[in-house]
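Letter by letter, the chains look like this.
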Amino acid sequence: MTRECPSPAPGPGAPLSGSVLAETAVVFAVVLSIHAAVWDRYSWCSVALAVQAFYVQYKWDRLLQQGSAVFQFRMSANSGLLPASMVMPLFGLVMKERCQAAGNPFFERFGIVVAATGMAVALFSSVLALGITRPVPTNTCVILGLAGGVIIYIMKHSLSVGEVIEVLEVLLIFVYLNMILLYLLPRCFTPGEALLVLGGISFVLNQLIKRSLTLVESQGDPMDFFLLVVVVGMVLMGIFFSTLFVFMDSGTWASSIFFHLMTCVLGLGVVLPWLHRLIRRNPLLWLLQFLFQTDTRIYLLAYWSLLATLACLVVLYQNAKRSSSESKKHQAPTIARKYFHLIVVATYIPGIIFDRPLLYVAATVCLAVFIFLEYVRYFRIKPLGHTLRSLLSLFLDERDNGPLILTHIYLLLGMSLPIWLIPRPCTEKGSLGGARALVPYAGVLAVGVGDTVASIFGGTMGEIRWPGTKKTFEGTMTSIFAQIISVALILIFDSGVDLNYSYAWILGSISTVSLLEAYTTQIDNLLLPLYLLILLMA
């Protein structure tokens with residue numbers, strides 16, 4: 001989470017702010033690092049994509065300042081197009097390299113498809129910005145045309161017909177999700193956050209459809225199918241109820257009963273049969289057998305239950321303090337919000353060390369619970385809707401100015417994505433050596449440790465501010481130091497981690513991501529772990 005209110009986007013005709021230029025420099029440093037590590041035609045495409053995204057980002061910032069964007073975006077940040085545009089392409093590149101080194105041609109091609117898909121949705125967002133900018137920015141259009149032409153030419157000669165169709169399918173889903181979700185959820189995203197979140201959802205939805213239609217025996221891990229079905233099912237459930245409650249008052253008891261009944265119908269009549277078809281067994285029995293398979297899993301589940309209870313007690317305690325205070329507009333201090341970061345760190349580290357498959361599934365279940373409770377709060381579903389609104393309003397910050405409260409979901413995603421996104425078939429032969437051994441810990445390091453320490457120390461002792469931002473030099477330095485100490489502790493307690501003297505790359509990766517945290521105005525809970533994951537995998 002950010003420590004201070006970010007600077008507003010630059011006004012029409014204004015030069016780029018120092019914080020935006022610094023954020024751009026950090027992102028380009030990451031892009032060039034990956035380009036140097038990969039050095040093929042696809043990495044050259046990523047450089048071209050970054051150049052055009054830098055120019056188009058300024059146009060998006062002007063549109064936001066003028067209020068000329070097609071949808072209502074979050075206004076307390078810049079557009080964030082450049083850092084968001086590079087996540088999927090860079091992740092696809094490093095996945096391709098790792099799977100090529102592991103001798104897995106299927107996932108090597110999958111990494112190329114991921115990179116191509118990320119470039120396609122990023123180019124669409126750029127075209128959208130230039131299409132609604134008046135007057136038409138000729139120079140930026142030329143740069144976009146050149147970069148897009150290079151990318152399309154290389155991908156045309158690199159992808160098979162089936163892979164091209166797959167990229168176009170994701171792009172089509174992305175366009176429709178943009179129109180639907182950005183209309184239903186105004187002010188919840190910046191253009192960059194929408195690109196990152198909706199691009200990921202579009203890719204997951206297309207993968208689920210593809211695997212459902214081409215199902216063969218032993219086609220995949222049940223854990224992967226479980227994640228795909230949960231993500232798609234929760235998104236479709238939200239769209240369904242958002243459309244339904246346009247015509248109904250969601251706050252009545254009748255609507256609440258109907259909500260719970262329809263949730264059961266969708267879960268038992270759609271989601272479970274869909275999952276049963278994919279994993280070829282009863283999903284509930286599989287889940288129960290998986291969760292209680294060993295004594296270690298039972299101990300971990302009991303420990304996590306205690307931490308969940310502790311988190312609930314923190315929420316109740318902070319709300320009791322608000323009730324006893326004179327001001328009813330009392331907000332929880334930053335340190336109180338960081339309690340949840342510490343609880344999440346205490347949750348994930350034992351899971352990563354002792355049982356990563358259990359953590360994978362438990363995080364998926366937790367994501368479904370978080371999204372369902374947010375639906376209950378947003379639609380004011382009885383009996384918990386109004387209670388959740390009251391309890392969670394205490395922990396709002398400047399990024400929660402839309403109808404949804406997403407920061408806690410972003411925190412869960414930031415911690416879980418490094419676990420979910422590791423290409424396990426490419427790591428079975430020990431290819432996660434060196435800095436790559438820390439990939440599962442990317443969320444813990446970037447968000448759980450780095451962002452938390454930076455916020456606490458920067459807010460309490462920081463005096464020297466980074467140019468163009470309210471973040472502090474002291475906060476960033478203590479963040480880097482705390483992450484280095486955490487890496488040392490991981491080496492002590494996790495015998496499976498062997499860094500092979502790759503300390504310089506680890507220090508550089510941590511420092512780069514910490515600088516990105518200092519300058520970005522995007523959702524750092526989501527962005528920072530992804531960039532650290534990319535750097536560590538490279």
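Parameters at a glance
- Residues numbered from 1 in each chain as written.
- Predicted model: local features only at pLDDT ≥ 70, side-chain atom pairs only at ≥ 80, totals over all residues.
- Heavy atoms only, no water.
- UniProt positions renumbered as here; feature names shortened; annotations may be inferred.
- Helix = DSSP H or I, 4+ residues; strand = E, 2+ residues; numbered from the N terminus.
- Rg over C-alpha atoms; globule rule 2.2 N^0.38 Å.
- Buried < 20%, exposed > 50% of the residue type's maximum accessible area, 1.4 Å probe, protein only.
- Polar contact = N/O pair within 3.5 Å; in protein donor to acceptor, adjacent residues only side chain to side chain.
- Contact = heavy atoms within 4.5 Å.
- Salt bridge = Lys/Arg side-chain N within 4 Å of Asp/Glu carboxyl O.
- Expected span 1.5 Å × (residues − 1).
- Patch = residues over 30% accessible without salt bridge, like charges linked within 9 Å, V, L, I, M, F, W, Y side chains within 5 Å.
- Areas by Shrake-Rupley, 256 points an atom, 1.4 Å probe, with all protein chains shown as cover.
- Axes fitted to C-alpha atoms, helices over the stretch in contact; angles between N-to-C directions.
- Parallel < 35°, antiparallel > 145°, perpendicular 65-115°, else oblique.
- Left-handed = near helix turned anticlockwise from the far one by under 90°.
- Nonpolar A, V, L, I, M, F, W, Y, C, P; charged D, E, K, R; others polar.

By the naming in an unreviewed UniProt entry, the protein chain goes by dolichol kinase and is assigned to Cebus imitator. What UniProt states about the protein chain under its Subcellular location (unreviewed entry) heading is, verbatim, "Endoplasmic reticulum membrane". Annotation of the protein chain in UniProt includes, under Sequence similarities (unreviewed entry), the sentence "Belongs to the polyprenol kinase family."

Participant: Please give an account of the overall build of the protein chain that cites residues and values.
Facilitator: Per the secondary structure count, the protein chain includes 20 helices and zero strands. Against the globule reference of 24 Å for 538 residues, the protein chain gives a C-alpha radius of gyration of 23 Å, in line with a compact fold. Over its C-alpha atoms, taken along the principal directions, the protein chain stretches across nearly 60 × 55 × 55 Å. For the protein chain, with 538 residues in total, the buried portion stands at 57%.

Participant: So what's going on with the side chain of Gln57? Residues and values would help.
Facilitator: Here Gln57 lies in helix H2 (residues 41-66). In this structure the side chain of Gln57 is engaged in a polar contact, spanning 3.1 Å, whose partner is the backbone nitrogen of Leu82. Not counting residues up to four positions away in its chain, the partners in contact with Gln57 are Val20, Glu23, Thr24, Ser79, Gly80, Leu81, Leu82 and Pro83.

Participant: Before we move on, could you go through the pattern of salt bridges and cite the residues and values that matter?
Facilitator: Taken as a whole, this structure holds ten salt bridges when the rule is applied. Among the salt bridges present, the one from Lys96 reaches Glu97, with a minimum N-O distance of 2.7 Å. Neither Lys96 nor Glu97 differs from the other in exposure class; each is buried. Asp355 serves as the salt-bridge partner of Arg297, at 2.6 Å between the closest nitrogen and oxygen. Of this pair, Arg297 sits in helix H12 (residues 295-324) while Asp355 sits in the loop between helix H13 (334-354) and helix H14 (356-378), placing them 58 residues apart in sequence. The exposure class of Asp355 is buried, given its relative accessible area of 9%. Through salt bridges that share partners, Asp40, Lys96 and Glu97 make up one connected network.

Participant: Describe helix H9 (residues 222-244), with residues and values.
Facilitator: Between its terminal C-alpha atoms H9 stretches 32 Å, which fits the 33 Å expected from 23 residues at 1.5 Å a residue. Counting buried positions over the 23 residues of H9 gives 19, a clear majority of the element. The opening residue of H9 is Asp221, an N-cap whose side-chain oxygen sits 2.9 Å from the backbone nitrogen of Met223.

Participant: Residue-level account of a nonpolar patch on the surface, with values.
Facilitator: Residues Phe481, Ile485, Leu489, Ile492 and Phe493 make up a contiguous nonpolar surface patch of roughly 550 Å² in combined accessible area. Its location among the elements puts Leu489 in helix H18 (residues 473-493).

Participant: Any chance you could break down the packing of helix H19 (residues 503-519) against helix H20 (residues 524-537) for me, citing the residues and the numbers?
Facilitator: Packed helices, taken two at a time, are described by the angle between their axes plus the distance between the axes. Between H19 and H20, whose axes approach to 10 Å, the crossing angle comes to 155°. In terms of their interaxial angle, H19 and H20 are classed as roughly antiparallel. The handedness of the crossing between H19 and H20 comes out as right-handed. Here Trp505, Ser509, Ile510, Thr512, Val513, Leu516 and Glu517 of H19 lie close against H20, whose contacting residues are Asp524, Leu527, Leu528, Tyr531, Leu532, Leu535 and Leu536. Taken together, the residues of the contact of H19 with H20 break down into ten nonpolar, two polar and two charged.

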